[in-house]
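If you want the building blocks of each chain, they are given just below.
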Amino acid sequence: MDSSTPPPLAPVGTVAINIGPEFDGMYTGILLATVLSGITIVQGWIYLNNNRDTWLLRSLVLFLISADILTTSLDLRLMHRYLVENFGNLTELVVAPYEIITEYAVTVLIVFLVQLFFLSRVYMLRKEKWIVALVIAVFATAAVVTGFVAIADLAHHPRVAFLTSTANKVLFGINGSFSAVADIIITAALTWTFASSKKGIKRSDTILQKLLMYVVSRGLLVSVSQVLFLVTYLAKPDALWWVPLHFMLSKLYVITMVAMLNGRESIRSQANGVQTSTSMFTESAAGRNTQRLIVQKTIELSQFGEDDYLPQDINSEQRKGDKPTRPDHIVTDNGIN
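Caption draft 1: Representation of the overall build of the chain. On a plain count of helices and strands, the chain comes out with eleven helices and zero strands. Listed by position from the N terminus, the elements making up the chain come as α-α-α-α-α-α-α-α-α-α-α. Counting the 337 residues in the chain, one finds 47% classified as buried. Partitioning the intrachain contacts of the chain with sequence separation of at least 6 by distance along the chain shows that 81% fall at a separation of at least 24. Of the accessible surface of the chain, which amounts to about 16600 Å², a share of 66% is contributed by carbon and sulfur atoms.

Caption draft 2: Examining the packing of helix α3 (residues 98-125) against helix α5 (residues 166-196) more closely. Where α3 meets α5, the closest approach of the two axes is 10 Å, and the angle between their N-to-C directions is 25°. Between α3 and α5, the angle falls in the class roughly parallel. Relative to α5, the crossing made by α3 is left-handed. Residues Tyr104, Val108, Val111, Gln115, Phe118, Leu119, Val122 and Leu125 of α3 pack against Phe172, Asn175, Ser179, Ala182, Asp183, Ile186, Ala189, Leu190, Thr193 and Phe194 of α5. For the contact of α3 with α5, the class distribution of residues is 13 nonpolar, four polar and one charged.

Caption draft 3: Region of the structure containing the packing of aromatic side chains. Inspection of the entire model under this criterion finds seven aromatic pairs. On the numbers, 5.0 Å between centres and 80° between planes, the contact of Tyr233 with Trp242 is edge-to-face. Overall, Tyr233 belongs to the buried group, its relative accessible area being 1%. The ring of Phe118 has Arg218 sitting right over it, with the charged end atom 4.1 Å from the ring centre.

Caption draft 4: Examining the pattern of salt bridges more closely. The tally for this structure, following the rule as stated, stands at four salt bridges. Note that Glu99 is salt-bridged to Arg77, the shortest N-O span being 3.2 Å. One end of the pair, Glu99, is in helix α3; the other, Arg77, is in helix α2 (residues 55-85), and 22 residues separate them in sequence. By relative accessible area, which is 26% here, Arg77 ends up partly exposed. Between Asp183 and Arg218 there is a salt bridge whose closest N-O contact spans 3.4 Å. You can see Asp183 sitting in helix α5 and its partner Arg218 sitting in helix α6 (residues 202-235), a full 35 residues away along the chain. Shared partners join several salt bridges into a network, and the residues in it are Arg77, Arg81 and Glu99.

Caption draft 5: Layout of a nonpolar patch on the surface. Taken together, the side chains of Tyr123, Trp130, Ile131, Leu134, Val135 and Val138 present a nonpolar region at the surface, about 560 Å² in accessible area. Mapped onto the fold, Trp130 is located in helix α4 (residues 130-156).

Caption draft 6: Fine view of the nonpolar core. Judged by nonpolar contacts, the single largest core of 69 residues is most densely connected at Met26, Val61, Ile110, Phe118, Leu190, Phe194 and Met257. Listed by contribution, the elements that provide at least two residues to this core are α1 (20-50), α2, α3, α4, α5, α6 and α7 (243-262). Looking at which element gives the most residues to this core, the answer is α3, with 17 residues. Excluding residues within four positions of it along the chain, Ile110 makes contact with Leu64, Ala67, Asp68, Thr71, Ser250, Tyr253 and Val254.

Caption draft 7: How the structure looks around the environment of Leu62. Tracing the sequence through the fold places Leu62 in helix α2. The sequence separation of Leu62 and Trp45 amounts to 17 residues, and the corresponding C-alpha distance is 9.9 Å.

Caption draft 8: Seen up close, the packing of α2 against α7. Where α2 meets α7, the closest approach of the two axes is 10 Å, and the angle between their N-to-C directions is 155°. Accordingly, the angle class assigned to the pair α2 and α7 is roughly antiparallel. The handedness of the crossing between α2 and α7 comes out as left-handed. Residues Leu57, Leu60, Val61, Leu64, Ile65, Asp68, Thr71, Thr72 and Asp75 of α2 lie in contact with α7, whose contacting residues are Phe247, Ser250, Lys251, Val254, Met257, Val258 and Leu261. Counted by class, the contact of α2 with α7 contains ten nonpolar, three polar and three charged residues.

What counts, and where the lines are drawn
Residues numbered from 1 in each chain as written. Predicted model: local features only at pLDDT ≥ 70, side-chain atom pairs only at ≥ 80, totals over all residues. Heavy atoms only, no water. Helix = DSSP H or I, 4+ residues; strand = E, 2+ residues; numbered from the N terminus. Buried < 20%, exposed > 50% of the residue type's maximum accessible area, 1.4 Å probe, protein only. Contact = heavy atoms within 4.5 Å. Areas by Shrake-Rupley, 256 points an atom, 1.4 Å probe, with all protein chains shown as cover. Axes fitted to C-alpha atoms, helices over the stretch in contact; angles between N-to-C directions. Parallel < 35°, antiparallel > 145°, perpendicular 65-115°, else oblique. Left-handed = near helix turned anticlockwise from the far one by under 90°. Nonpolar A, V, L, I, M, F, W, Y, C, P; charged D, E, K, R; others polar. Phe/Tyr/Trp six-rings, centres within 6.5 Å; stacked < 30°, edge-to-face > 60°. Lys NZ or Arg CZ within 6 Å of the ring centre and 35° of its normal. Salt bridge = Lys/Arg side-chain N within 4 Å of Asp/Glu carboxyl O. Patch = residues over 30% accessible without salt bridge, like charges linked within 9 Å, V, L, I, M, F, W, Y side chains within 5 Å. Core = buried A, V, L, I, M, F, W, Y, C linked by side-chain atoms within 4.5 Å.

So, in structure tokens, the structure goes:
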């Protein structure tokens with residue numbers, strides 16, 4: 001052997017460690033969350049370029065979209081920490097780093113803010129049924145409080161094993177169940193509002209049917225997601241198959257809310273089919289024609305979420321001597337064309 005040739009290396013034994021059971025759920029969750037995050041960005045772009053809402057509602061939507069993108073960034077950062085920065089460091093797998101804690105806190109906040117938005121719509125459309133909005137507020141507030149208490153405990157005991165502790169399961173269980181109840185009540189209240197507003201007029205009933213479809217679809221999606229997350233977490237928290245559902249929660253809440261706001265344009269186009277000139281507005285409002293009142297109410301409901309577009313009390317405006325604020329939401333004397 002040539003003296004310049006280095007000696008062969010001695011064989012080194014390898015240890016095969018399969019961390020798939022621990023990371024399969026997390027990997028799947030991050031993959032799905034990243035896809036949904038792209039949908040969130042698209043919906044947000046459509047909203048920001050087409051809405052005519054108040055600055056408060058636009059600020060809320062922008063904050064929710066930004067917070068949702070933050071959760072995705074934290075999810076990806078978490079995977080990088082475990083599988084890149086600490087590759088082969090098994091002791092790191094038992095640690096619950098700041099990414100987990102912050103991501104969960106942001107998700108709880110997103111769910112709460114979206115529920116507050118829909119709570120305000122329930123109250124706005126049926127102020128006389130304020131007790132329903134109060135019940136929703138109680139469940140939503142209880143959910144966010146228990147969620148942040150659980151997050152505080154996890155921050156105090158930053159270990160993955162703490163996620164499976166009895167105390168944490170109780171807190172997360174209350175958080176998930178109360179959130180699901182709040183969403184179910186929101187869906188039921190809005191469904192009843194739109195369904196009870198149908199009066200047998202084809203054009204207005206078609207608009208209300210589309211609103212019903214939006215509300216029921218959104219309610220089923222987020223409520224079922226919350227229940228599935230709760231069941232999988234409580235049944236086997238150490239398996240981590242609840243993680244994909246948790247990672248998707250914030251995206252589903254933001255996407256469904258912004259998609260409903262974007263859907264108002266198509267509903268508004270149907271409502272605009274009953275418009276006429278400004279000179280007809282005062283005359284129609286002053287009359288007692290049943291069809292005109294039904295259509296006006298339908299247009300009000302179709303502006304779901306759009307505070308500054310809601311028709312004002314026309315008679316009170318006339319008493320004050322003010323001009324109507326929305327002359328484009330006007331119906332003809334003949335009702336629906």
